[in-house]
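Residues per chain are reported as follows:
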Amino acid sequence: MKGLVVKNTGSWYTVRTDDGQLIESKIKGNFRLKGIRSTNPVAVGDHVELVPNQEGTAFITSIDDRRNYIIRKSQNLSKQSHIIAANVDQAFLVVTVNRPQTSTTFIDRFLASAEAYRVPVMLIFNKTDLLDAEERRYQEMMIALYENVGYQCFAISAETGEGVEVLRPLLDGKITLLSGNSGVGKSTLINRLVPGVCLRTAEISDAHNTGQHTTTFSEMISLDDQKPSYLIDTPGIKGFGTFDMEPEELTSYFKEIFRFSKECRFSNCTHTHEPGCAVLQALEKHYIAQSRYQSYLSMLNDKEESKYREAY
């Protein structure tokens, strides 16, 4: 029996079978012995093989090959990964310039990881209704930066509904991953996009300007019975440690750095100190944003560190 994993609550997975049944499933005991270095070897979006049992549940015995996935370093186990979702058509990364502030390093690490697995990303700048004049100018600058790199950006307020109507057609016929820090308003946005789903939301902590986890598991939400469109809701992420990225590959995951790197004198240029480095020249002339270059350096330095750095 084959099916699609639509929910992951930790040890249990809800699988929608090809004939429409929802079956609670567990991983078969020897499944973890196959060299999958992940805290969750099965992820929402996976197509799996099931063996039902007499209790009305099932064992997952194998996973079909994935066409892509979004992955990050496991927060507590540096040599393991955590797969956020598999087999997605696109990702919406929800960010906020305040309440809480999303760091550019977090954004860039997510974007680079998505580039590595060919997942298109759109940036959703939420909570525009809460911004003062200075914060609005900063948001406009951020949007200009990322649009210049080549990413679509949208400024919205999930709370008031402002700008949300533009997003709905972008979801038709697609599997879309929704991700971001805790507290950026993912659940509120889903409640706007999918009336009746009624996800729980929470206030931002005034003391620390941080979000609280209201989503504790990953789940695939159906948007339309007529067209197979899904939103994958995921728990808020505090940091984004990169996983299994070689330093020499990293350049190609930053679109603008990759464009200039073709003009470097040396083919193995790291863009840190080499003479004739076109990337450093572009940085000096402000063709590459300093924040993006710093994100590139932080990921380059990951290889020299043994543990996950929560600041990201």
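Residues numbered from 1 in each chain as written. Predicted model: local features only at pLDDT ≥ 70, side-chain atom pairs only at ≥ 80, totals over all residues. Heavy atoms only, no water.

(A) Quick peek at helix H7 (residues 290-301). For H7, which comprises 12 residues, the first-to-last C-alpha distance of 16 Å matches the rise-based estimate of 16 Å (1.5 Å per residue) to within 8%. Among the residues of H7, those classed as buried are Arg292, Tyr293, Ser295, Tyr296, Leu297, Ser298, Met299 and Leu300. Along its buried surface, H7 packs onto helix H1 (104-116), helix H2 (133-149), helix H4 (247-250), helix H5 (255-261) and helix H6 (278-284). (Helix = DSSP H or I, 4+ residues; strand = E, 2+ residues; numbered from the N terminus. Expected span 1.5 Å × (residues − 1). Buried < 20%, exposed > 50% of the residue type's maximum accessible area, 1.4 Å probe, protein only. Contact = heavy atoms within 4.5 Å.)

(B) The environment of Asp18, seen in detail. Position of Asp18 among the secondary structure elements: in the loop between strand E2 (13-17) and strand E3 (22-27). On the basis of relative accessible area, Asp18 is assigned to the exposed category, the value being 67%.

(C) Quick peek at the state of the cysteines. Under the counting rule described, the total for this entry stands at 0 disulfides. No disulfide involves Cys264; its nearest neighbouring cysteine sulfur is the one of Cys277, lying 4.0 Å away. Considering cysteine sulfurs only, Cys277 is the nearest to Cys269, which forms no disulfide, with 3.7 Å between them. Given the relative accessible area of 9%, Cys269 is considered buried. (Disulfide = S-S within 2.5 Å.)

(D) Layout of the nonpolar core. Tyr146 and Leu177 are the most contacted members of the largest nonpolar core, which has 44 residues in total. When we break this core down by domain, the ones giving at least three residues each are domain 1 (2-63) and domain 2 (69-233). Excluding residues within four positions of it along the chain, Leu177 makes contact with Ile70, Ile84, Ala85, Val88, Gln90, Ala91, Phe92, Phe110, Ile232 and Thr234. (Core = buried A, V, L, I, M, F, W, Y, C linked by side-chain atoms within 4.5 Å. Domains from an automatic or database assignment.)

(E) A look at a negative patch on the surface. A surface patch of negative charge is lined by Asp129, Glu159, Glu162 and Glu165. By secondary structure assignment, the location of Glu159 is in the loop between strand E10 (153-155) and strand E11 (175-179). (Patch = residues over 30% accessible without salt bridge, like charges linked within 9 Å, V, L, I, M, F, W, Y side chains within 5 Å. Areas by Shrake-Rupley, 256 points an atom, 1.4 Å probe, with all protein chains shown as cover. Salt bridge = Lys/Arg side-chain N within 4 Å of Asp/Glu carboxyl O. Lys, Arg positive; Asp, Glu negative; His and termini not counted. Charge placed at Lys NZ, Arg CZ, Asp CG, Glu CD.)

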